[in-house]
Amino acid sequence: MYAITLTPPMRPNPLIIRAFLTRGAWLWIGARLLASAVIALAGTNPLDFSLMASLLIVGVSTALGAVDVVRRHERALLENLGVSRMMLLAFFAGPAALGELGIALAAMARG
Amino acid sequence: MMPLLVADCVSKTLRGRRILSAGSLRAVPGELRALLGRNGAGKSTLLKIAAGWIQPDGGTLTFDGRSYQQPRLPTLAERGLFYLPDHDLFSHAYSVRAQLEMFRRQFDGDSVEKSAELAGIADRLDAKPLDLSGGERRRAEIAAILVRRPKCLLADEPFRGIAPKDAEDMTHVFRELASTGMAVVITGHEVPTLLAAADHVTWCTSGTTHELGPPASAVANDAFGREYLGGSYSSQT
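Basis of the calculations
- Residues numbered from 1 in each chain as written.
- Chains lettered and ligands numbered in written order.
- Predicted model: local features only at pLDDT ≥ 70, side-chain atom pairs only at ≥ 80, totals over all residues.
- Helix = DSSP H or I, 4+ residues; strand = E, 2+ residues; numbered from the N terminus.
- Rg over C-alpha atoms; globule rule 2.2 N^0.38 Å.
- Buried ≥ 20, exposed ≤ 12 C-beta atoms within 10 Å, placed from the backbone.
- Contact = placed C-beta atoms within 7 Å.
- Nonpolar A, V, L, I, M, F, W, Y, C, P; charged D, E, K, R; others polar.
- Domains from an automatic or database assignment.
- Expected span 1.5 Å × (residues − 1).
- Pairing = 2+ DSSP bridges.
- Core = buried A, V, L, I, M, F, W, Y, C linked by C-beta atoms within 7 Å.
- pLDDT = per-residue confidence, 0-100.

Draft legend 1. Representation of the overall build of chain A within the structure. Along the backbone of chain A there are four helices and zero strands. Its C-alpha radius of gyration of 17 Å places chain A more than 25% over the 13 Å reference for a compact globule of 111 residues. Each principal axis of the C-alpha distribution contributes one length, and for chain A these read about 60 × 40 × 25 Å. Here chain A holds 111 residues, and the buried ones make up 27% of them. If you take every contact in chain A between residues at least 6 apart in sequence, the share linking residues at least 24 apart comes to 88%.

Quick look at the structure:
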């Protein structure tokens, strides 16, 4: 019989979490404003909720975050700090998903 | 002493070119090991695999009593490994102090101010890395190692682009770290500096490695002298 022990990954300290969640939030705001401008130009209400559009914006924000990390040469720093790639993507996807959820709730409340 | 890190029979092909066929690397607590080889011999690739920065095609890595087929740096870093890459370690976005503080909080490390003082960068703590000179950036990286105090340090060409005096100071720090029980492996082409500092030499050539032992034995090795050091170095010693 073999027992498999899974060690949970180390949790990043609040300083790292704050720095990258803040960046994730700014990237989402940028992606959202750009997408809203394009949707508005097409003559549609940018705050109308569409699941596909929201998922796309979360994906774009996450991808922008990943590109930004490479651009700023931060991979070595983050990996030496024990931050895995999955965790890093979560830093960028999290604020975007929350923001999109907020917009969806606002749209539903408005009816 | 037992090695803390063993990369065994590691192979790697990059863009269709076989870089490593059977490279091995050991990091032993209390020892400073120099990994030497000509450009393209595979030493940086071997160090990157040992650090979990890239994954090998074959071979195994053992670190701190655990074996890994596909090692990842974040996992190894948690267990006490620090990888100093052949490019800048620090993010351009935050001050040196903020990034050293990240290491201190994450690993319950040493004082940022004290480490910066020891590394000779105390007066530049609030600067961002892009505002530092090459030598200052290397010193800031040394400060990160001092804050982190890892069990094992793998440094890829740490003396790149810095003045001989800075290289001498860094060598002194690496020796000090090894004397505290840290396992240190460094690569580079600064042969006199590396041979003077190292306890052991590993030669990487033609996709494989040779353990040459202490620097005196390495220098006395005919093939190493002929194929790596060259005639002028051999005649100087």
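And the narrative resumes.
Draft legend 2. Expanded view of the interface of chain B and chain A. Contacts between the two partners involve 22 residues from chain B and, on the opposite side, 17 residues from chain A. Considering every element that reaches the side of chain B that touches chain A, the biggest residue donor is helix 3 (residues 96-107) of chain B, with six residues. Residue composition of the side of chain B that touches chain A, grouped by class: twelve nonpolar, five polar and five charged.

Draft legend 3. Just the environment of Gly-24 of chain A, in detail. Residue and element names in this part refer to chain A. Positionally, Gly-24 belongs in helix 1 (residues 14-41). Measuring from C-alpha to C-alpha, the distance between Gly-24 and Asn-45 comes to 25 Å, with 21 residues separating the pair along the chain. Ignoring any residue separated from it by four or fewer positions in sequence, one finds Gly-24 in contact with Ser-61, Gly-65, Phe-91, Phe-92, Gly-94, Pro-95 and Ala-96.

Draft legend 4. View of the domain arrangement of chain B. Residues and elements named next belong to chain B. Entries for chain B in the domain assignment read domain 1 (5-80 + 151-236) and domain 2 (92-149). Domain 1 and domain 2 are separated by 24 Å when their C-alpha centres are compared. Taken residue by residue, the interface counts nine residues in domain 1 and five residues in domain 2. Here the side of domain 1 that touches domain 2 gets four residues from one element, more than from any other, and that element is helix 6 (residues 164-179).

Draft legend 5. How the structure looks around helix 5 (residues 134-148) of chain B. Residue and element names in this part refer to chain B. Here helix 5 is 15 residues long and its end C-alpha atoms lie 21 Å apart, about the 21 Å a rise of 1.5 Å per residue gives. Of all 15 residues in helix 5, 13 are buried, a share of seventy percent or more. Just downstream of helix 5 lies Arg-149, where phi reads positive at about 50°.

Draft legend 6. Quick look at unusual backbone geometry. Residue and element names in this part refer to chain B. Although it is not a glycine, Asp-108 sits at a positive phi angle of roughly 50°. Locating Asp-108 in the fold gives a position in the loop between helix 3 and helix 4 (112-119). Residue Asp-108 is classed as exposed on the basis of its C-beta count, with 9 C-beta atoms lying within 10 Å. At Ser-206, a position not held by glycine, the phi torsion is positive, near 50°. Residue position: Ser-206 is located in the loop between strand 9 (200-205) and strand 10 (208-213). Using a count of 14 C-beta atoms within 10 Å as the deciding quantity, one classes Ser-206 as partly exposed.

Draft legend 7. Fine view of the pairing of strand 2 (residues 17-27) of chain B. Residues and elements named next belong to chain B. Across seven bridges, the pairing between strand 1 (residues 5-14) and strand 2 is antiparallel. If you follow Lys-12 over to strand 2, its bridge partner there is Leu-20. The turn linking strand 1 back onto strand 2 is made up of two residues, and Arg-15 within it adopts a positive phi angle of 50°.

Draft legend 8. Looking closely at the nonpolar core. All names here are of chain B. Counting residues in hydrophobic clusters, the biggest one holds 91 residues, and the most contacted among them are Leu-46, Ala-50, Ala-143, Leu-153, Leu-154 and Val-184. Counting residues per element, this core draws most heavily on helix 5, which supplies seven residues. Residues from two domains meet in this core; each of domain 1 (5-80 + 151-236) and domain 2 (92-149) gives at least three.

Draft legend 9. Up close: the environment of Leu-32 of chain B. Residue and element names in this part refer to chain B. For Leu-32, the position within the fold is in strand 3 (residues 32-36). It is 6.8 Å that separates the C-alpha atoms of Leu-32 and Arg-175, two residues lying 143 residues apart in sequence. Residues within four places of Leu-32 in sequence aside, it is in contact with Phe-174, Arg-175, Ala-178, Val-184, Ala-197, Ala-198 and Asp-199.

Draft legend 10. Looking closely at the confidence of the model for chain B. The pLDDT averaged across chain B works out to 92; a share of 97% of its residues lies at or above 70. Confidence estimates for the predicted assembly give a pTM of 0.89 and an ipTM of 0.91.

Draft legend 11. How the structure looks around the pairing of strand 3 of chain B. All names here are of chain B. With respect to burial, strand 3 is a largely interior element, five of its five residues being buried. Of the two faces of strand 3, the one lined by Leu-32, Ala-34 and Leu-36 and the one lined by Arg-33 and Leu-35 are each fully buried. By the bridge criterion, four bridges tie strand 3 to strand 8 (residues 183-187) in an arrangement that is parallel. What sits directly across from Leu-35, in strand 8, is Thr-187. Where strand 3 meets strand 9, four bridges bridge the pair, whose relative direction is parallel.

Draft legend 12. Local environment of the environment of Val-201 of chain B. Residues and elements named next belong to chain B. For Val-201, the position within the fold is in strand 9. Spatially, the C-alpha atoms of Val-201 and Leu-212 are 5.4 Å apart, while their sequence positions differ by eleven residues. What Val-201 contacts, discounting residues up to four positions off in sequence, is Ala-34, Leu-36, Leu-212, Gly-213, Pro-215 and Ala-218.

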